[in-house]
Amino acid sequence: MADNFVVSHDVGTGGSKAVLTDFSGAIIASSFEPYQTFYPRPNWVEQDPLHWWKAIVTSTRKVLKEGKIKPRQVAGIGFATQMLGVLPMDPSGNPLRKAIIWLDSRADDQAARIVRRFGGPRMMMMVAGAVPSGKDIVCKLQWIREMEPQVWSETYKFLDVTGYLVYRATGNMVIDHTGAGVTGLLNNKTRQWSGTLAKLLGIPLEKLPDIRSSIEVVGLLTREAAEEMGLEPGTPVIGGMGDIAAAATGSGALENGDAHYYLGTSGWLCISVARPKNLGKNGIYSVASADPDMFLMIGESETAGACLKWFAHNLARPEEWAKAHDEMAIFSVLDEVVGKVEPGSGRLLFTPWMFGERSPVTDTTLRAAFVNLGLEHSREHMLRSIYEGVAYNCRWLLDVVGEAGFRCDSLRAIGGGARSDVWMQILSDVTRREVEAVDNPQEAGAMGCALAVAVALGEYGNYRELKKVVKVRKIFEPNPDCCTEYDELYGTYRRLHGSLTDICRRLNETGQVCEA
């Protein structure tokens, strides 16, 4: 058997998915390893990097065993990971604290001070191209400098999740250009650090790792890492990428103007563009793509599938759990329930903002709500309203980018939610767009990263050639009988943020107290 296999990893919030593929992206074996997320204080969200590596090691050995592949047959390795993580490392390569991950919003005060220092949001947009929130990297770095000065002084390099795993695999501390692109410190033209922005924001460049291309071999697997993973020393390791860039690859939406929607724990709308464009008012920004010639215009919703998971763990009935053979199967059971509820959920609306929001509005204290809940509504209406609320939020994103000239007439759909025919039809009906659900949607990120490894090793001449490799399992067309009802409800949905934002801020801001 030829030595043309790839091991890639999609390292998310809830765990790490490993896949073993061939150069065409065909999945031979896969394995998922969960790990813990820590919430030590309100708005703080952390993970232990040692848990990431343990998941990588365990899942790699499992896919090799399941696929009956010898270590020498693996031609390359890639990591695609959750973005916006911050992990300070000492000169010996040891983490100085747990990683602060993307969900964490502890740095709201630092974000507000940065914006004030630049003269307000409008001036900040002019200078930096974006208005930071407490979830952004530059703000988290300032938090560490102010609140953990010893950690700051001992830090040799700040790594993101991909950078840490590449370091554990190769011994080299680097950051890929998709990870660097979300720091707010990247020069998009050169794809190198911007000394000007770093100086303005007070970030010393010597604490940042070198930037390398996502499709560049940045090192070879060390003997120690190879022994742990069950692979051959010297196996090439690419620079890797953020999860959104990997998902874009795995969706096949790679040509200029192509769009995909990810429906997993979080949700995002992502458009491949030849020229970067930011819509800062709506939290939509362009970052470097894994394709060296392209950018990704991204609007991310913090909680999408997480809302359904909340429902499953709190409101699913014992008989529904009994019908499900594992935790993932509960969502298929809930799909059956949703299919019996009329479109519009009896005019009950749900806002899917369970941990703040990034886009189409940036609001870290915003929270979810069921609106117009009455005695006539059932638990089943609440369930369907969650599916519909996520779709309304996606339509809002599409409307925002549409006003900027990006039509997005069709959407590729990936993530666990793309397995649900019910949810895909609701998404098509609410957005009035054709939705193409891809094969193996939950593996899109890991498969996309595997295809990037194939590009790095010379199997493909152009990154956009990968579009022809990705297969679509089913196409969903809007049902005109539902669209009118959804159009009316969507108009009301758009007004809810303005009604809820002050209430949620009062309830959730640190130090805020209720008055009689």
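Keep in mind the model is a prediction, meaning the values are calculated, not measured.

(A) Structural context of the overall build of the protein. Scanning the protein from N- to C-terminus turns up 18 helices and 24 strands. In the protein, 70% of the contacts between residues at least 6 apart in sequence involve partners at least 24 apart. If you sum the accessible surface of the protein, you get close to 20,600 Å²; carbon and sulfur atoms cover 50% of it. The average position of the 55 basic charges and that of the 62 acidic charges among the side chains of the protein differ by 3 Å.

(B) Expanded view of the pairing of strand β16 (residues 259–263). Across the five residues of β16, five count as buried, placing the element largely inside the fold. Both faces of β16 are covered, namely the face carrying A259, Y261 and L263 and the face carrying H260 and Y262. Looking at chain direction, β16 and strand β17 (residues 267–273) are connected through five bridges and run antiparallel. Counted as the bridge partner of H260 is C270 from β17. The pairing of β16 with strand β22 (residues 410–414) spans three bridges and is classified as parallel. Each bridged residue has a counterpart across the sheet, and for Y261 the counterpart in β22 is A413.

(C) Spotlight on the sheet that holds β17. With mixed pairing, seven strands are arranged side by side in an open sheet as β18-β19-β17-β16-β22-β23-β24. The open sheet has two edge strands with one neighbour each: β18 (284–288) and β24 (472–476). Neighbour to neighbour, the strand axes of the sheet diverge by 25 degrees on average, direction disregarded. The pairing of strand β23 (residues 434–438) with β24 spans four bridges and is antiparallel. Each bridged residue has a counterpart across the sheet, and for E436 the counterpart in β24 is I475. Most of the contacts of helix α15 (residues 421–431) go to β24, to which it runs at about 45 degrees, and overall it touches β16, β22, β23 and β24.

(D) A look at the nonpolar core. Core analysis: the biggest nonpolar cluster contains 110 residues, and W52, L165, L185, L221, M241 and Y463 have the highest contact counts within it. It is helix α16 (residues 444–456) that contributes the most residues to this core, nine residues altogether. Apart from the residues within four sequence positions on either side, M241 is in contact with F79, A80, T81, T162, D176, T178, S214, A246, A290, C449, A452 and Y463.

(E) Molecular detail of the pattern of salt bridges. Going through the model one piece at a time under the given rule, you end up with 31 salt bridges. A salt bridge links E388 to R384; the nearest nitrogen and oxygen atoms lie 2.9 Å apart. Taken together, the residues E388 and R384, both in helix α14 (residues 379–403) and four residues apart, mark about one turn of the helix. Pair check on accessibility: E388 and R384 agree, each one buried. A single salt-bridge network, built from bridges that share partners, covers E46, R97, D104, R106 and E148.

(F) Representation of the packing of helix α10 (residues 243–251) against α16. Remark: α10 packs on α16, axes separated minimally by 7 Å, with the N-to-C direction vectors making an angle of 85 degrees. When the axis of α10 is compared with that of α16, the two are roughly perpendicular. Contacts between α10 and α16 involve A246, A247, T249 and G250 on the former and, on the latter, A444, G445, M447, G448, C449 and L451.

(G) Examining helix α11 (residues 305–315) more closely. Within the span of α11, buried status applies to G305, C307, L308, F311 and A312. Down the axis of α11, the sector holding all buried residues measures 155 degrees, keeping them to one side. Looking at the packing, one finds that the buried side of α11 touches β16, α12 (318–323), α13 (330–338), β20 (349–351), α14 and α15.

(H) A look at the side chain of D90. Secondary-structure assignment places D90 in the loop between β6 (87–89) and β7 (99–100). Summary of buried charges: D90 has no salt-bridge partner, and the nearest side chain of opposite charge, R168, is 11 Å away. A polar atom in the side chain of D90 sits 2.8 Å from the backbone nitrogen of S92. Polar side-chain contacts of D90 include one of 2.9 Å to the backbone nitrogen of N94. In this structure, D90 is in contact with L96, E154, Y156 and M173, ignoring residues within four places of it in sequence.

(I) Representation of the side chain of K157. Take K157: it is sitting in strand β8 (residues 157–159). For the buried residue K157, which engages in no salt bridge, the nearest side chain bearing the opposite charge is D210, 5.6 Å off. Of note is the side chain of K157, whose polar atom sits 3.2 Å from the backbone oxygen of L208.

(J) Representation of the packing of helix α2 (residues 108–117) against helix α4 (residues 137–147) in the model. It is the contact of α2 with α4, at a shortest axis distance of 9 Å, that shows an interaxial angle of 110 degrees. Taken together, the axes of α2 and α4 lie roughly perpendicular to each other. Contacts between α2 and α4 involve Q110, A111, R113, I114 and R117 from the former and V138, C139, Q142, W143 and E146 from the latter. Considered class by class, the residues forming the contact of α2 with α4 number five nonpolar, two polar and three charged.

Parameters and conventions
- Residues numbered from 1 in each chain as written.
- Predicted model: local features only at pLDDT ≥ 70, side-chain atom pairs only at ≥ 80, totals over all residues.
- Heavy atoms only, no water.
- Helix = DSSP H or I, 4+ residues; strand = E, 2+ residues; numbered from the N terminus.
- Contact = heavy atoms within 4.5 Å.
- Areas by Shrake-Rupley, 256 points an atom, 1.4 Å probe, with all protein chains shown as cover.
- Lys, Arg positive; Asp, Glu negative; His and termini not counted.
- Charge placed at Lys NZ, Arg CZ, Asp CG, Glu CD.
- Buried < 20%, exposed > 50% of the residue type's maximum accessible area, 1.4 Å probe, protein only.
- Pairing = 2+ DSSP bridges.
- Axes fitted to C-alpha atoms, helices over the stretch in contact; angles between N-to-C directions.
- Core = buried A, V, L, I, M, F, W, Y, C linked by side-chain atoms within 4.5 Å.
- Salt bridge = Lys/Arg side-chain N within 4 Å of Asp/Glu carboxyl O.
- Parallel < 35°, antiparallel > 145°, perpendicular 65-115°, else oblique.
- Arc of directions from axis to C-beta.
- Polar contact = N/O pair within 3.5 Å; in protein donor to acceptor, adjacent residues only side chain to side chain.
- Nonpolar A, V, L, I, M, F, W, Y, C, P; charged D, E, K, R; others polar.

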